[in-house]
Amino acid sequence: MSTMLPKFVLLWTDAVMWALVVALIVYARVVWRSPNLRASWKLVFRDAAAFASAIVLGLCLLLTLLDSVHFRRALPTAGADAAVAYDTRTQSVLDALLVRLVESREATYSRPLAYQSFTLESLTVDGEVRRLPPRLLHGGAHLRDPAREHSRDIALRVAVGLAIGAVAALLLAAWIVRSVAHRHGWAWREAAVRVLRDETDIRWRAALTMLTALCLLLSPAALLMNDYHLLGTDRTGNDVFYQALKSIRTAFVIGTLATVATLPLAVGLGLMAGYFKGWVDEVIQYLYTVLSSVPNVLLIAACVLMVQVYLDQHPELFETGAERADLKLFLLCAILGVTGWAGLCRLLRAETLKLRELEYVQAATAFGVGPWRIMARHLMPNVMHLVLITTVLDFSGLILYEAVLSYVGVGVDPSMNSFGGMINLARSEMSRDPVVWWSFAAAFGFMVTVVLAANFFADGVRDAFDPRARVFRARRLKKPVLASPAADAALRID
């Protein structure tokens, strides 16, 4: 039995993503123990758009983590003493969960939720050769009379999915109301009224609205995607919905890893330039000025092409194509980080020039504290809010950067799913007649959803951690209908 266990494969980006998850858990623990940080993050979730966007990003992060555990299945052995061989394909846990989408490959294009191919073929009907669309191998294959059953089957699955989603949303709403009531010591009715009227300290109504929308969207999709191609298929017959889900990991990996890669150079050089001044400041300014003067796309394209040449000349370093594609993705993130630190460095330099003149820094210098200790103990904690704001704001920009680079052919490996790769392949499809629109629409829709969620969340983080950029929005609170005069006397406006 042990010989049939899969062989787990640790890719470069898998290791970094799980390391970032551990770091995120540690940071969450630090936030929980710090009243100031906890108050700042509470302000983030008082923003309705930021709270709703955080739920979307959390769902994308879950998909990313499921797609960051890779393995190779063991092949059947010829005998008990035979050596175990493993499949050349590297799969993830997400692939295992969506195995029906992976195996439901068609011959070529098909429309969303269709049971016939998009292209016409010569078929013999009643002894006569006609140009007709053939039946799909997997999409709608369970239908005996598709002309009559197709619309009815889809409507039934959508109705059942909406009912299941509604029940799931009600359960989530009950759990949220119970949590709010338990936290504040309110009765269930009072907590429900406050949540519905948006009169809580955290915007639970926005969270409940987003969760309800997700339940009503995902439940019908889950019932449809196993027997139909929810978003159609591409030129080679692969499921477009599966490709869009896989592209979320690529976007998250580039957004997070490239952002983290900028921090050592940006934070270190920015603090040094602002604190030491003099020739150190001049050298660092010269470096990021020269870097900023070179067009980023050309610089990144040149670095990626050099990496591509190295990978092509050393195929013996990789057992599978997935390892090669993953290393290229990892190096692309490193290139984006090494070439994108100038903006944050300039910002931290300006902030450090101001902080070094304050009394507590001057007092530490007078007591003989070393410069490196001053930067670590006094300067870095006071610029971390700028680092956090900048990294969150840059996340969505890096996702769009990947789409542009993949579109021009210098992005991720073509064998790896990405939004830019999908848009690049759909470029020729948009010029067909009739137009094959669903690949482009799926990539564009998913990418815009992730980018918008990241931007709304970044706005909430900026308003919470940077008081100068904070925008105060008036909220009209209505007095809720309470169960008793005693509860009315205990009303507390948050």
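What counts, and where the lines are drawn
- Residue numbers restart at each chain and count upward from 1, following the sequence in its written direction.
- Reporting in this predicted model follows two pLDDT cut-offs: at least 70 for local features of residues, and 80 or more for side-chain atom pairs to be given and counted; totals over whole chains, interfaces and linings ignore these cut-offs and use all residues.
- Hydrogens and waters are ignored; side-chain quantities use all the structure's heavy atoms.
- Strands are runs of DSSP state E lasting at least two residues, helices are runs of H or I lasting at least four, and both sets are numbered from the N terminus onward.
- Here's how the labels work: a residue is buried when its accessible area is under 20% of the maximum for its type, exposed when over 50%, partly exposed in between, all with a 1.4 Å probe on protein chains only.
- Polar contact is defined as a pair of N or O atoms within 3.5 Å, subject to the rule that within protein one atom must be able to donate a hydrogen and the other to accept it, and that residues adjacent in sequence are counted only when both atoms are side-chain atoms.
- We call a set of buried residues a nonpolar core when its members are Ala, Val, Leu, Ile, Met, Phe, Trp, Tyr or Cys and they connect through side-chain atoms within 4.5 Å of each other.
- Residues are treated as being in contact if the distance between any of their heavy atoms lies within 4.5 Å.
- Axis angles are defined between N-to-C directions and span 0 to 180 degrees, where every axis is a line fitted to C-alpha atoms and, for a helix, only to the segment in contact.
- Crossing handedness follows the turn of the near helix against the far one: under a right angle anticlockwise gives a left-handed crossing, and clockwise gives a right-handed one.
- The term salt bridge refers to a side-chain nitrogen of Lys or Arg lying within 4 Å of a carboxyl oxygen of Asp or Glu.
- Strands qualify as paired when DSSP identifies two bridges or more between them.
- Without a salt bridge and with relative accessible area above 30%, a residue can belong to a patch; like charges are then joined within 9 Å and nonpolar side chains (Val, Leu, Ile, Met, Phe, Trp, Tyr) within 5 Å.
- Here the Shrake-Rupley method, with its probe set to 1.4 Å, supplies the accessible areas, and only the displayed protein chains count as covering residues.
- One number per residue, pLDDT, summarises how confident the predictor is, and it ranges from 0 to 100.
- We call Phe, Tyr and Trp rings a pair once their centres come within 6.5 Å, taking the six-membered ring for Trp, and we label the pair stacked below 30 degrees between planes, edge-to-face above 60, and tilted otherwise.

## Let's talk about unusual backbone geometry
Among all residues except glycine, the phi angle is most often negative; among peptide bonds, the trans geometry is most common.
Then step 1. The backbone phi angle of Leu 113 is positive, close to 60°, even though this residue is not glycine.
Then step 2. As for its position among the elements, Leu 113 is in the loop between helix 5 (99-103) and strand 4 (121-125).
Then step 3. The backbone phi angle of Lys 277 is positive, close to 55°, even though this residue is not glycine.
Then step 4. Lys 277 sits in the partly exposed class, given a relative accessible area of 34%.

## Comments concerning the environment of Asp 47
Then step 1. Position of Asp 47 among the secondary structure elements: in the loop between helix 2 (35-44) and helix 3 (48-66).
Then step 2. Judged by relative accessible area, Asp 47 falls into the buried class, the value being 16%.
Then step 3. Asp 47 sits 413 residues away from Gly 460 along the chain, and the two C-alpha atoms are 6.2 Å apart.
Then step 4. One polar contact links the side chain of Asp 47 to the main-chain amide nitrogen of Ala 49, over a distance of 3.1 Å.

## Remarks on the nonpolar core
Then step 1. Of all hydrophobic cores here, the largest spans 51 residues; its most connected members are Trp 41, Val 44, Phe 457, Val 461 and Phe 465.
Then step 2. Going through the elements one at a time, helix 2, helix 3, helix 8 (204-224), helix 9 (240-276), helix 15 (371-407), helix 16 (419-429) and helix 17 (438-465) are the ones with two or more residues in this core.
Then step 3. With 13 residues, helix 17 is the largest single contributor of residues to this core.
Then step 4. Setting aside chain neighbours within four positions, we find Phe 457 in contact with Trp 41, Val 44, Ala 50, Ser 53, Ala 54, Leu 57 and Val 392.
Then step 5. Judged by nonpolar contacts, the second largest core, of 24 residues, contains Ile 284, Leu 291, Ala 342 and Met 375.

## Concerning the packing of helix 9 against helix 13 (residues 342-355)
Then step 1. In contact at an axis separation of 7 Å, helix 9 and helix 13 are set at 35° when each is read in the N-to-C sense. As for how helix 9 packs across helix 13, the hand of that crossing is right-handed. Only Leu 344, Cys 345, Leu 348, Arg 349, Thr 352 and Leu 353 of helix 13 make contact with helix 9, whose side of the interface consists of Leu 263, Ala 266, Val 267, Leu 269, Gly 270, Leu 271, Ala 273, Gly 274 and Tyr 275.

## Things to note about the pattern of salt bridges
Then step 1. Following the criterion strictly, the structure yields 21 salt bridges and no others.
Then step 2. With a closest N to O distance of 3.0 Å, Asp 413 and Arg 324 form a salt bridge. Here Arg 324 lies in helix 12 (residues 321-339) and Asp 413 lies in the loop between helix 15 and helix 16, a separation of 89 residues in the sequence.
Then step 3. Among the ionic contacts, a cluster of salt bridges with common partners joins Arg 100, Asp 153, Arg 157 and Asp 227.

## Topic: the sheet that holds strand 1 (residues 7-9)
Then step 1. Pairing is antiparallel in the open sheet, where three strands are placed in the order 1-2-3. Where the open sheet ends on each side, the last strands, each with one partner, are strand 1 and strand 3 (91-92).
Then step 2. Relative to strand 2 (residues 70-72), strand 1 runs antiparallel, the two sharing three bridges. In the strand pairing of strand 2, Lys 7 is matched with Arg 72.

## Here's the deal with a nonpolar patch on the surface
Then step 1. A cluster of nonpolar residues, Val 22, Leu 24, Val 26, Tyr 27 and Val 30, forms a patch on the protein surface that exposes about 430 Å² of accessible area.
Then step 2. Inspection of the secondary structure puts Val 22 in helix 1 (residues 12-33).

## Notes on the confidence of the model for the protein chain
Then step 1. Summarising the model, the protein chain shows a mean pLDDT of 84, and 92% of its residues fall at 70 or more.
Then step 2. pLDDT under 50 marks residues 477-494. Its contacts with residues more than four places away, or in other chains, come to 33 contacts.

## Some remarks on the packing of aromatic side chains
Then step 1. Taken as a whole and judged by the stated rule, the model has 15 aromatic pairs.
Then step 2. Taking 6.4 Å as the distance between ring centres and 85° as the angle between the ring planes, the aromatic pair formed by Tyr 109 and Phe 118 counts as edge-to-face. For the pair formed by Tyr 109 and Phe 118, the shared burial category is buried.
Then step 3. Seen in terms of ring centroids, Phe 118 and Trp 438 are 5.3 Å apart; in terms of plane orientation they differ by 80°. Their pairing is edge-to-face. On the criterion of sequence distance, the pair formed by Phe 118 in the loop between helix 5 and strand 4 and Trp 438 in helix 17 is long-range, its members being 320 residues apart. As far as the burial class goes, Phe 118 and Trp 438 line up, both buried.
Then step 4. Joined through ring pairs, the aromatic side chains of Tyr 27, Trp 41, Phe 457 and Phe 465 make up one cluster.

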